[in-house]
Amino acid sequence: MNVFLGAVRKQSAARLRQGLVRLQFVDDALKRGYASPRLLLELFLCELLAAETAVSPR
């Protein structure tokens, strides 16, 4: 839990807000059956990881 909270604290408020907006979109899409749950979650995770890589290349 401490690792998670530390990672969250390193993010900007705008980045956290953007992630929450995308998560809300995924939640709505899941409830409405727009696509398979697996596809929606995979796309969401890819977006998060791609954004993280663009911000802090390793």
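Remember, it's a predicted structure, so these values are computed and weren't measured experimentally. (Residues numbered from 1 in each chain as written. Predicted model: local features only at pLDDT ≥ 70, side-chain atom pairs only at ≥ 80, totals over all residues. Heavy atoms only, no water.)

Peer 1: Sorry, what's going on with the overall build of the protein chain here?
Peer 2: Helix and strand counts for the protein chain come out as 3 helices and 0 strands. Burial status across the protein chain gives 10% buried among its 58 residues. Carbon together with sulfur atoms contributes 65% to the accessible area of the protein chain, which is approximately 5,000 Å² in total. (Helix = DSSP H or I, 4+ residues; strand = E, 2+ residues; numbered from the N terminus. Buried < 20%, exposed > 50% of the residue type's maximum accessible area, 1.4 Å probe, protein only. Areas by Shrake-Rupley, 256 points an atom, 1.4 Å probe, with all protein chains shown as cover.)

Peer 1: I keep staring at the confidence of the model for the protein chain and nothing clicks. Help me out?
Peer 2: Interpretation of this model should avoid reading the predicted coordinates in detail wherever pLDDT is low. Across the protein chain, pLDDT averages 87, with 88% of residues at or above 70. Highest mean pLDDT in the protein chain belongs to helix α2 (residues 13-32) (93); lowest belongs to helix α3 (residues 37-55) (85). (pLDDT = per-residue confidence, 0-100.)

Peer 1: I tried to follow a nonpolar patch on the surface on my own but got confused; where do I start?
Peer 2: A cluster of nonpolar side chains, namely Met1, Phe4 and Leu5, defines an oily patch on the protein surface of about 350 Å² accessible area. Take methionine 1: it is sitting in the segment before α1 (2-9). (Patch = residues over 30% accessible without salt bridge, like charges linked within 9 Å, V, L, I, M, F, W, Y side chains within 5 Å. Salt bridge = Lys/Arg side-chain N within 4 Å of Asp/Glu carboxyl O.)

Peer 1: Which parts of the structure should I look at to understand α2?
Peer 2: Along an α-helix, a turn takes 3.6 residues, which lines up residues three or four apart on a common side. Over its 20 residues, α2 runs 29 Å from end to end, which matches the ideal 28 Å to within 8%, given 1.5 Å per residue. For α2, the complete set of buried residues consists of Arg15, Gly19, Val26 and Ala29. Here the buried residues of α2 occupy an arc of 85° about the axis, which is enough to place them on one side. Summarising the geometry of α2, the exposed residues directed more than 90 degrees from the buried face are Ala13, Arg17, Leu20, Val21, Gln24, Lys31 and Arg32. One or two residues past the end of α2 sits glycine 33, with phi positive at roughly 70°. (Expected span 1.5 Å × (residues − 1). Arc of directions from axis to C-beta.)

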